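Letter by letter, the chains look like this.
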Amino acid sequence: MRENLQAVYQVMEQVSRVIYGKEQEIAQIMRTFLAGGHVLLEDIPGVGKTTLALAFSKAMGLTHKRIQFTPDVLPGDLTGFSIYRRDQEKFVYQPGSVFCNLLLADEINRTSPKTQSALLEVMEERQVTVDGVTRPLPQPFHVIATQNPMGSIGTQRLPEAQEDRFMTSLSIGYPSFDSELTMALEKNHQSRMGDVETVMDAERLLAVEQEISQIYIKEVVARYAVELVWATRQHNQIARGGSPRATLALVQLAKAAAWMNDRSFVIPADVSSQFPAVIRHRLILTPEAQRNRVDKEQLISEILASVKRPSLGKKP
């Protein structure tokens, strides 16, 4: 376990070489990968999302692909399609963009709902079905999807079922002044990717995911996770709260947080620290709350304060 833990922190260190001043965001994405989940980034263009995905794929030794979502992107561009080969006198399957370990789905809310829904089976089942044939994806398989802020030209809201497939959501945001100054002073900022070293591989990542699944969680801590999600369904300013999938994601992420803190058991702080990233994109506010521009972060803080955190000893 210690060797794997060291490798994970080395991955984050490598990514930090090209994404300055975003250690917390990098750590959150790393936890999501270790928990077997997908990441949704809501950001404006130009803040380094593509660079982030490339750095993670290189540091972890994963194959990667990027697809730019536009209104004319078709489901077959993702899942693949069959084309008739005259020389072979038969239809031959051409794999789509999802056949990789790490897929960057850029500006996902600019494409059609039909293409967005094509990711559902891929993200949930890690497989695609084309012409009645089911094909498994390479393992591990993770998606980093980005969406422009709502109201941007050419965007449309992701279907709720699609959003729910993402384990976490977060925003990279603008760099700090000092970080941006460092970037401005670089002679060749494109060469930074060459500084990223491969310190992990797909087999080790799968091994870590297996270790995390074995992390112990006491019933009282699991109950705390369920109570937090249930509180989102009972809040008078939230029309639709977290789903049972949100509860499972929260528990798995809490296990990943415990593992990264070199513990074999989950404590309540692991749950509360991961709750915002899990629940943020799953909350649908009431029309009144939307009109009043109620801040989701404020609601999340209220829920965390209202649900009593259980007290535990040093051991589970």
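Every chain is numbered independently, its residues counted from 1 as its sequence is written. It should be noted that, the model being predicted, local features are given only for residues of pLDDT at least 70 and side-chain atom pairs only at 80 or more, the latter also being counted only at that level, while totals for whole chains, interfaces and linings use all residues. As a rule here, side-chain values cover all heavy atoms of the structure and leave hydrogens and water aside.

Peer 1: I'd like a rundown of the sheet that holds strand β9 (residues 168-170), residues and numbers included.
Peer 2: Pairing between strands requires that DSSP locate at least two bridges from one strand to the other. A run of H or I in DSSP becomes a helix once it reaches four residues, and a run of E becomes a strand once it reaches two; helices and strands are each numbered from the N terminus. Across the sheet, five strands lie side by side as β2-β5-β8-β1-β9; this open sheet has parallel pairing. The sheet terminates laterally at β2 (64-68) and β9, the two strands that pair on one side only. Averaged over all adjacent pairs, the angle separating strand axes in this sheet is 15°, with direction ignored. Pairing between strand β1 (residues 39-42) and strand β8 (residues 142-147): four bridges, direction parallel. By the bridge assignment for β8, L40 is matched with A145. Under this scheme, a helix contributes an axis fitted over its contacting stretch, all axes are lines through C-alpha atoms, and angles between N-to-C directions fall in the 0 to 180 degree range.

Peer 1: Before we move on, can you summarise the pattern of salt bridges with the specific residues and values?
Peer 2: Whenever Lys or Arg places a side-chain nitrogen within 4 Å of a carboxyl oxygen from Asp or Glu, that contact is recorded as a salt bridge. Under the criterion given, the structure shown has twelve salt bridges. When the shortest N-O distance is used, the salt bridge between R280 and E297 registers 2.5 Å. Linking R280 in the loop between α11 (268-279) and β11 (284-285) with E297 in helix α13 (residues 296-306), this pair joins segments that are 17 residues apart in sequence. Here's how the labels work: a residue is buried when its accessible area is under 20% of the maximum for its type, exposed when over 50%, partly exposed in between, all with a 1.4 Å probe on protein chains only. On the basis of relative accessibility, which here comes to 23%, the residue R280 falls in the partly exposed class. Relative accessible area serves as the criterion here: at 32%, E297 is assigned to the partly exposed category.

Peer 1: Account for the nonpolar core, naming residues and giving values.
Peer 2: What is meant by a nonpolar core is a set of buried Ala, Val, Leu, Ile, Met, Phe, Trp, Tyr and Cys residues, joined one to another through side-chain atoms within 4.5 Å. With 68 residues, the main nonpolar core has L34 and F56 as its most contacted residues. Among the elements that take part in this core, helix α10 (residues 244-260) stands out by supplying ten residues, more than any other. The residues touching F56, leaving out its near neighbours within four places in the chain, are V11, V15, I26, I29, M30, F33 and L102. One finds L40, L78, L119 and M123 within the second-largest nonpolar core, a separate group that totals 24 residues. Two residues form a contact once any of their heavy atoms are found within 4.5 Å.

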